[in-house]
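In case you want the letters, here they are:
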Amino acid sequence: MTTSARSAEFTGALNESQHRPLTSSDYRTLGLSALGGTLEFYDFVIYVFFAAVVGKLFFPADMPEWLRMLQTFGIFAAGYLARPVGGIIIAHYGDVIGRKRMFTLSIFLMAVPTLVIGLLPTYASIGVAAPILLLLMRTLQGAAIGGEMPGAWVFVAEHVPANRYSFGVGSLTAGITGGILLGSLMGIFINSVYAPEEVAGYAWRIPFILGGVFGLVSVYLRRYLEETPVFRELAARRKESNELPLKTVLREHRAASVLTAGMTWCLSGAVVVVILMTPSYLQTVHHLPAKLVMQANCAGTLMLTIGCLAIGWLCDRIGTRASMIIGWGGLGLSTWWFYGQLPGSPESLIWGYALVGLFVGSISLTPIVSTRAFPPPVRFTGLSFAYNMAYAVFGGLTPVLISLWIKADPQGPALYVIGLSILGVLLAFVPMSSKGYKA
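Parameters and conventions
Residues numbered from 1 in each chain as written. Predicted model: local features only at pLDDT ≥ 70, side-chain atom pairs only at ≥ 80, totals over all residues. Heavy atoms only, no water. Helix = DSSP H or I, 4+ residues; strand = E, 2+ residues; numbered from the N terminus. Buried < 20%, exposed > 50% of the residue type's maximum accessible area, 1.4 Å probe, protein only. Contact = heavy atoms within 4.5 Å. Expected span 1.5 Å × (residues − 1). pLDDT = per-residue confidence, 0-100. Patch = residues over 30% accessible without salt bridge, like charges linked within 9 Å, V, L, I, M, F, W, Y side chains within 5 Å. Areas by Shrake-Rupley, 256 points an atom, 1.4 Å probe, with all protein chains shown as cover. Salt bridge = Lys/Arg side-chain N within 4 Å of Asp/Glu carboxyl O. Axes fitted to C-alpha atoms, helices over the stretch in contact; angles between N-to-C directions. Left-handed = near helix turned anticlockwise from the far one by under 90°. Nonpolar A, V, L, I, M, F, W, Y, C, P; charged D, E, K, R; others polar.

Q: I'd like a rundown of the side chain of Ser166, residues and numbers included.
A: Summarising the element assignment, Ser166 is placed in helix H8 (residues 165–193). Owing to a relative accessible area of 2%, Ser166 belongs among the buried residues under this scheme. If near-sequence neighbours (up to four positions away) are discounted, Ser166 is found in contact with Gly312, Cys315, Asp316 and Ile368.

Q: Give me the lowdown on helix H7 (residues 129–157), citing residues and values where you can.
A: Relative to the 42 Å expected for 29 residues at 1.5 Å per residue, H7 spans 42 Å between its end C-alpha atoms, a close match to the ideal helical length. With 22 of 29 residues buried, H7 is to be regarded as a mostly interior element.

Q: Quick rundown of the confidence of the model for the protein? Include the residues and the values.
A: With 80% of its residues at a pLDDT of 70 or more, the protein has an overall mean of 80. Within the model, the stretch residues 1–17 combines pLDDT values under 50 with 47 contacts to residues more than four positions away or in other chains.

Q: Describe the environment of Val393, listing the residues and the values that go with them.
A: With respect to the helices and strands, the residue Val393 is situated in helix H18 (residues 379–408). When its relative accessible area of 41% is taken as the criterion, Val393 is described as partly exposed. A C-alpha to C-alpha distance of 8.8 Å links Val393 and Trp265, two positions 128 residues apart in sequence.

Q: Break down a nonpolar patch on the surface for me, citing the residues and quoting the values.
A: A surface patch of nonpolar side chains, amounting to about 280 Å² of accessible area, comprises Leu105, Phe108, Val112 and Leu216. Ranked by the residues each element gives to the nonpolar patch, the list is headed by helix H5 (residues 99–119), at 3 residues. Mapped onto the elements of the fold, Phe108 is located in helix H5. The class of Phe108 is partly exposed, set by a relative accessible area of 38%.

Q: Please provide a residue-by-residue account of the packing of H7 against H8, values included.
A: One way to put it is that H7 packs onto H8 with a least axis distance of 9 Å and a crossing angle of 150°. Seen along the crossing, H7 lies across H8 with a hand that is right-handed. The residues of H8 that touch H7, namely those facing Met149, Ala152, Trp153, Val156 and Ala157, are Tyr165, Gly168, Val169, Leu172, Thr173 and Ile176. Of the residues in the contact of H7 with H8, the class split is 9 nonpolar, 2 polar and no charged.

Below, the structure is given as structure tokens:
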């Protein structure tokens, strides 16, 4: 029996969940899942906020600055390259032995390397072994994040009632994006409290050690989560099959994979350009002071978290298609206005960044659309494969493309995000975007 035939028993999409109010158990699941997602994404991105310090400590002192930063960010990029491999492996076992086990394993695989990075000897102590160990830890982090995000989305989606599905997934996405905000605030705090020599001496280790410790606490708390009802039912009905879930995805669910890749392109472009690259763009192209830029970026990241919640709530109220048109359309319009009025005044910078950040919250549409595009037997594998492969490609190429585009046209970042916003609106008219998987 094919996966499509077996999945027909589940009546497609996420209708396995009843229409009912959210219970205290649902809120506990959402809370613990979002908390873990926040801490895990914090662990993954905190590296970039201390990249300059790490580069000086883990590479030879006489190395040219450009080469040191290239190697430092190369190690950061290694985390992205490891995402597809880790995601596919973790997702495979998530579809075979259970969502909860892999959901807990992924955060453990993130917390331990983060803690180890905070304790690693530097190049001055152990020589070339220092960057090698740093690379190994970043690779493990990448593998973990590749399994965590799809796993978290599937876990929550299969727990919450169908009439609160979008809000549940949006809430989790808000928690994950909160990790970026937490990392930014930690970077500001460390650099404000400690002198530069103290940061280079020992204070840079504090964010990593705290992230590792709190991550291990989150591993313990996830013991109190229950396996999803969808997987329990699936396990009870499962017939023995020697076929790998990934093989089934590639044969029977190519359309869902392409849709997920397109939505992931929109997500990665919005986050990488607006949230991660724009601070540097504002300082180098428009010559704005770093302190003002960081304040504006914090406002944008905070509104991103709120926007994820708002989009999830809106989808449950007016439907996915209308929400995609409003969300991605709003991102395109706000991007056009924000980048067009730069440098502007300090007030317009902060409020404009906050407005764009709110519409970047449309990224929660990616898991809302993509999670239900795959049937239960291969949902984890399908989502993880398509999402992580697309993120590795688009997330990796976007910084290079934008850097080259800026040299030719300072409005390059805005045009890129506007183009992806148009793509997001067009994807709203794909039937699977609003209806999900149909057997």
